[in-house]
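Coordinates in review
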Amino acid sequence: MSDTPVNPVNDLLRLERMPHIWCGGCGIGTSVNCFARAVAKAEIDHEHLHVVSGIGCTGRVAGYVNVDSFHTTHGRAIPFATGLSLSRPDSKVVVYSGDGDLTAIGGNHLIHAARRNIDMTVICVNNFTYGMTGGQVTPTTPYSAKASTTPYGNYEHTFNLPNLADACGAQFVARWTVYHVRQLTRSMTKALKTKGFSFIEVIAPCPTLYQRRNKLGDGVMALQYYKDQSTIQNGADTADVGLSFQSDIVVGEFVERDNLTFMEGYEKRMKEILGDGFVPYKGAK
Amino acid sequence: MKADPTAVASGMHFIDGNEACGEGAIAAGCRFVAGYPITPSTEVVEQISRRFPKIGGMFIQMEDEIASSICFQGAVWAGLKAMTVSSGPGISLMMEHVGLAAITECPSVFVNVQRGGPSTGLPTLPAQQDVMQARWGSHGDYEVIAVAPSSPQECFDHVITCFNFAEKYRCPVFFMMDETVGHMLGKVKIPPADEIELVERVYTKRPPGEYLPYKIYEGDQPEMVRVGMGHRIHSTGLTHDERGYPEMNWQAQDKMVRRLCSKINDHVDEISIAQSDEVEGSDVTIVSYGITSRVVAYAVDLVRKQGLKVGRVRLVTLWPFNEKLIKDVAQNTKAIIVAEMNLGQMVHEVERVVAGKVPVHLIDHAGGAMLELDTIIEKIKEVAS
Ligand SMILES: Cc1ncc(C[n+]2csc(CCOP(=O)(O)OP(=O)(O)O)c2C)c(N)n1
Ligand code: SF4
Ligand SMILES: [Mg+2]
């Protein structure tokens, strides 16, 4: 036996694909580290875990996890995951993508998957920008923050993501920053064990674009900000957790529900109406 | 492989093409459909939504066609036969996922009950204006298969053909119906399940560690896989290598894109379905497809009775284009007429292949009604004289 400690997250990674494409100080990798630990903690067997991403820096996560994984199209990871999840009721399907992917181009799919209560976990890495394409404005860019397409500062209203997911019926909603690795890991574990639609917003730095353009320093400075200005408020009303430029950040687990999933609702209704004539959908089992 | 007898509605039916398409998909083994309502295709998903809960299928009405066109691909990777259904504007929205199906080699069936366009166009009226869209609609180089039925019976029969092609060639397959054929009532014979031949999906038998999802072990197709088999596959819409991992250079692109095309183009003979008669020695041959070929057939019968030597070719598969067939026609006839319910789409293919050997004429129509019998007869007489 070797004395070299093995990194506990290695098991979930396609090590042959390292080094990854992410910049130094980028928060995406930290979130993946937490995710790998959460998968282990939730005791999800890797054969029954499928990760689906859209397009973006965060969208590359699917390519680095050593499970059946899909790198789909920009914004459409959720509908792909919907078909996969419904057809693999014995598996856990995780959508891992960025704020632009999930809430701009993919916003319609996000709200409807939450409303339908499709069994999936959505992890949204919010770096307040389109990282992959060079730092453009997104629906989460705070008012006044600069982006490459808002060179004079953003003038649009922004999404409050936990509130959005909550309003659409998500069963579990949490927000953490990548400073809160232990709490984030715990919430990811919970989300993976949640029946139905769960949503986690992970606030993460993009030092290369968002931080630099807004003169916010490097990744370490971002962690300092997250540490200094985050307050943990589990159970907070999601209406009160909106963010503004370099504001305080409310983090925590905000929502826990136990509603019928899409599949449970379907089966209940069909059994009521069709009785013995109903043949449940088993997917590809 | 034979169809599932517990699901197939064997017997004689008097139904429209849309319903026949739904029944055909069921007979083909399709058990997952994602769609969004749009005229004139809606009855297909209505039929499916009535039938699926009784046979263990899943229909989901998605929030839009962009979602529908990728949702069903998730079900395919789970291990199901699946499809989506739409018309006009909906098909336009699906185009990005036609490309995804092409590059990931996902066996995919897109049913297009064509209506007049562009844009919202003529929701309730027919056209054949999406022929080139089916071929070229998504960006990049790739190949598709497209099949055009001309009767409710063929809506049943040939949607099965589409599913079989999808499994065999792992590409996007378009079922190019149109409003008229979709809403036309007719006798449809649904055979006993054991008379319906299906192409079964063959999954790789290689053990984990000895299998790469995009490697060609034999022939020109990679071996199919689904989630949960232990291979830990990765599938991406990026240009990729045999492992399915992104590779951003021209060499990888060249290898991948050329194979996506050649795996279809090298099999035109096996894929092509066409009917032709009395082409040899004819003064003119008329080429058509889909519902238009029915009017053309009638017109040709009439002018033949008047003593004209007229050949007839009906394309059932539109893509890949059967160049050999049309070259042969050009050798054996004095002129060609292409009749289609658009302002001239397939005629470009015919002209390209004929390359000036004989004159090529067009009977066009902007969509909204069937081609008129008299117009076809007049044109035949004009060209034949
Ligand atoms: C249909 C489409 N539109 C635009 C793009 C270009 N594009 C690629 S990634 C991206 C933004 C990704 O931003 P986000 O989801 O926030 O991910 P990040 O890179 O910040 O992790 C965009 C606009 C695309 N690939 N496809
Ligand atoms: S551009 Fe930003 S989001 Fe993308 S890898 Fe670099 S730091 Fe991360
Ligand atoms: Mg982003």
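Residues numbered from 1 in each chain as written. Chains lettered and ligands numbered in written order. Predicted model: local features only at pLDDT ≥ 70, side-chain atom pairs only at ≥ 80, totals over all residues. Heavy atoms only, no water.

**Points about the state of the cysteines**
Residues and elements named next belong to chain B. All told, the structure shown has zero disulfides over all chains when counted by the stated rule. Unpaired in this structure, Cys71 has its nearest cysteine sulfur neighbour in Cys106, at a distance of 12 Å. The class of Cys71 is buried, set by a relative accessible area of 0%. Left unpaired, Cys106 is separated from the closest cysteine sulfur, that of Cys171, by 11 Å. Here Cys106 falls in the buried class, since its relative accessible area comes to 0%. (Disulfide = S-S within 2.5 Å. Buried < 20%, exposed > 50% of the residue type's maximum accessible area, 1.4 Å probe, protein only.)

**Some remarks on helix α7 (residues 181-193) of chain A**
In this model α7(A) runs 18 Å from its N-terminal to its C-terminal C-alpha over 13 residues, within 8% of the 18 Å that 1.5 Å per residue would give. Taken residue by residue, α7(A) has A:Gln183, A:Leu184, A:Thr185, A:Ser187, A:Met188, A:Thr189, A:Ala191 and A:Leu192 as its buried positions. (Helix = DSSP H or I, 4+ residues; strand = E, 2+ residues; numbered from the N terminus. Expected span 1.5 Å × (residues − 1).)

**As for the interface of chain B and chain A**
Contact residues are listed per partner, giving 43 residues for chain B and 44 residues for chain A. Around 3,500 Å² of area is buried between chain B and chain A when both sides are counted, 60% of it from carbon and sulfur atoms. Together, B:Met58, B:Glu63 and B:Arg232 form the three largest contributors to the area buried by chain B at its contact with chain A, with a combined 20%. Applying the counting criterion to the chain B and chain A interface returns two salt bridges. Between B:Glu63 and A:Arg116 there is a salt bridge, with its nearest N and O atoms 2.8 Å apart. (Contact = heavy atoms within 4.5 Å. Buried area = accessible area lost by both parts, 1.4 Å probe. Salt bridge = Lys/Arg side-chain N within 4 Å of Asp/Glu carboxyl O.)

**As for the nonpolar core**
Residue and element names in this part refer to chain B. Formed by 98 residues in total, the largest nonpolar core has its most connected members in Phe32, Leu318, Trp319 and Ile336. The element best represented in this core is helix α3 (residues 65-78), accounting for eight residues. Counting contributing residues, this core receives three or more from each of domain 1 (11-195) and domain 2 (274-384). Look past the residues within four positions of Leu318 in its chain and what remains in contact with it is Val131, Ala146, Ala148, Met176, Tyr289 and Met346. (Core = buried A, V, L, I, M, F, W, Y, C linked by side-chain atoms within 4.5 Å. Domains from an automatic or database assignment.)

**Describing the pattern of salt bridges**
If charged atoms from side chains of opposite charge come close, those side chains can pair. Residues and elements named next belong to chain B. Within the structure shown, the criterion is met by 30 salt bridges over all chains. As a salt-bridge pair, Glu23 and Arg51 come within 2.7 Å of each other at their nearest N and O atoms. Taken together, the positions of Glu23 in helix α1 (residues 17-27) and Arg51 in helix α2 (residues 42-55) put the pair 28 residues apart, joining distant regions of the chain. In this structure, Asp283 engages Lys334 in a salt bridge whose closest nitrogen and oxygen atoms are separated by 2.9 Å. With a gap of 51 residues between them, Asp283 in the loop between β10 (274-277) and β11 (284-289) and Lys334 in the loop between α12 (323-332) and β14 (336-339) connect regions that are remote in the sequence. Relative accessible area serves as the criterion here: at 54%, Lys334 is assigned to the exposed category. When salt bridges with common partners are traced through the structure, they connect Asp277, Glu278, Asp301, Arg304 and Arg312 into a single cluster.

**What to know about the site of ligand 2**
Every residue close to ligand 2 is listed here: A:Trp22, A:Cys23, A:Cys26, A:Ile28, A:Cys57, A:Asn127, A:Cys206, A:Pro207, A:Thr208 and A:Leu209. Looking at which element gives the most residues to the shell around ligand 2, the answer is helix α8 (residues 207-213) of chain A, with three residues. (Near = heavy atom within 4 Å.)

**Description of the site of ligand 1**
Residue and element names in this part refer to chain A. Surveying the vicinity of ligand 1 reveals 17 residues, the closest of which are Cys57, Thr58, Asp99, Asp101 and Gly131. Measuring from an oxygen atom of ligand 1, one finds a side-chain N or O atom of Asp99 at 2.7 Å. Contact with the protein chains hides 77% of the accessible area of ligand 1, taken as 590 Å² for the molecule alone. It is helix α4 (residues 99-105) that provides the largest number of residues to the shell around ligand 1, a total of four residues. Among the residues making up the shell around ligand 1, the classes are represented as five nonpolar, nine polar and three charged. (Polar contact = N/O pair within 3.5 Å; in protein donor to acceptor, adjacent residues only side chain to side chain. Areas by Shrake-Rupley, 256 points an atom, 1.4 Å probe, with all protein chains shown as cover. Nonpolar A, V, L, I, M, F, W, Y, C, P; charged D, E, K, R; others polar.)

**Details of the environment of B:His365**
Residues and elements named next belong to chain B. Tracing the backbone through its elements, the reader meets His365 in the loop between β15 (360-363) and α14 (373-384). Remark: the alpha-carbon pair of His365 and Met341, spanning 24 residues in sequence, is separated by 4.8 Å. Engagement of the side chain of His365 in a polar contact is seen with the backbone nitrogen of Gly367, the distance being 2.9 Å. Among the polar contacts made by the side chain of His365, one reaches the main-chain carbonyl oxygen of Ala369 at a distance of 3.4 Å.

**Some thoughts on the coordination of the magnesium ion (ligand 3)**
When four donors bind a metal tetrahedrally, each ideal donor-metal-donor angle is 109.5 degrees, and when six bind octahedrally, the ideal angles are 90 or 180 degrees. With distances of 2.0 to 2.1 Å, the protein atoms coordinating the magnesium ion (ligand 3) are A:Asp99 (OD), A:Asn127 (OD1) and A:Thr129 (O). Look at A:Asp99 and you get buried, because its relative accessible area is 1%. (Donors = N, O, S within 2.8 Å, 3.2 Å for Na, K, Ca; no water.)

**Some words on empty space enclosed by the protein**
All names here are of chain A. Counting across every chain of the model gives four cavities of 30 Å³ or more. Counted as a void, the largest cavity has a volume near 70 Å³. Residue lining of the largest cavity: Phe128, Pro142, Ile203, Tyr210, Tyr225, Leu243, Ser244, Phe245, Gln246, Ser247 and Ile249, and that is the complete set. Of the residues assigned to the lining of the largest cavity, the class counts are eight nonpolar, three polar and no charged. Put simply, the second largest cavity is a space of about 50 Å³. (1 Å grid on protein atoms, 1.4 Å probe; cavity = no way out; pocket = protein on both sides within 12 Å on 5 of 7 lines; lining within 4 Å. Points joined across faces, edges and corners; volume = space filled by probe spheres on them.)

**Focus on helix α9 (residues 250-265) of chain B**
All names here are of chain B. Taking 1.5 Å of rise per residue, 16 residues should cover 22 Å, and α9 covers 22 Å from first to last C-alpha, within 8% of that figure. Regarding α9, the residues found buried are Ala252, Met256, Val257, Arg259, Leu260, Cys261, Lys263 and Ile264. Turning to α9, the residues buried within the fold contact α5 (95-104), β6 (145-147), α7 (152-169) and α10 (268-271). Structurally, the start of α9 carries an N-cap: the backbone nitrogen of Gln251 is 3.2 Å from a side-chain oxygen of Asn249.

**So, the domain arrangement of chain B**
Residue and element names in this part refer to chain B. Once the domains are mapped, chain B shows domain 1 (11-195) and domain 2 (274-384). A separation of 26 Å is found between the C-alpha centroids of domain 1 and domain 2. Every contact between the two is made by 27 residues of domain 1 and, on the other side, 24 residues of domain 2. For the domain 1 and domain 2 pair, buried surface summed over both sides reaches about 2,000 Å², with 60% attributable to carbon and sulfur atoms. The largest contributions to the domain 1 side of the interface with domain 2 come from Gln128, Val131 and Met132, which together make up 31% of the buried area. Our count for the domain 1 to domain 2 interface comes out at one salt bridge. Viewed at the interface, domain 2 and domain 1 are joined by 16 residue pairs in polar contact (both at pLDDT 80 or more). Listed by contribution, the elements that provide at least two residues to the side of domain 1 that touches domain 2 are α6 (131-136), β6, α7, β7 (172-178) and α8 (179-183). Tallying contributions element by element places α6 first for the side of domain 1 that touches domain 2, with four residues.

**Let's talk about the packing of aromatic side chains**
Tallying each qualifying case throughout the model produces 13 aromatic pairs over all chains. Arranged with centres 5.6 Å apart and planes meeting at 75°, the rings of A:Tyr266 and A:Phe278 form a pair that is edge-to-face. Separated by twelve residues along the polypeptide, A:Tyr266 in helix α10 (residues 262-274) and A:Phe278 in the segment after α10 bring together distant segments of the chain. Note on A:Tyr266: relative accessible area 12%, which makes it buried. Residue classification places A:Phe278 among the buried residues on the basis of a relative accessible area of 7%. With a centroid separation of 5.4 Å and 85° between ring planes, the pair formed by B:Phe72 and B:Phe110 is classed as edge-to-face. Placement of the pair is B:Phe72 in helix α3 and B:Phe110 in strand β5 (residues 108-114), with a sequence separation of 38 residues. (Phe/Tyr/Trp six-rings, centres within 6.5 Å; stacked < 30°, edge-to-face > 60°.)

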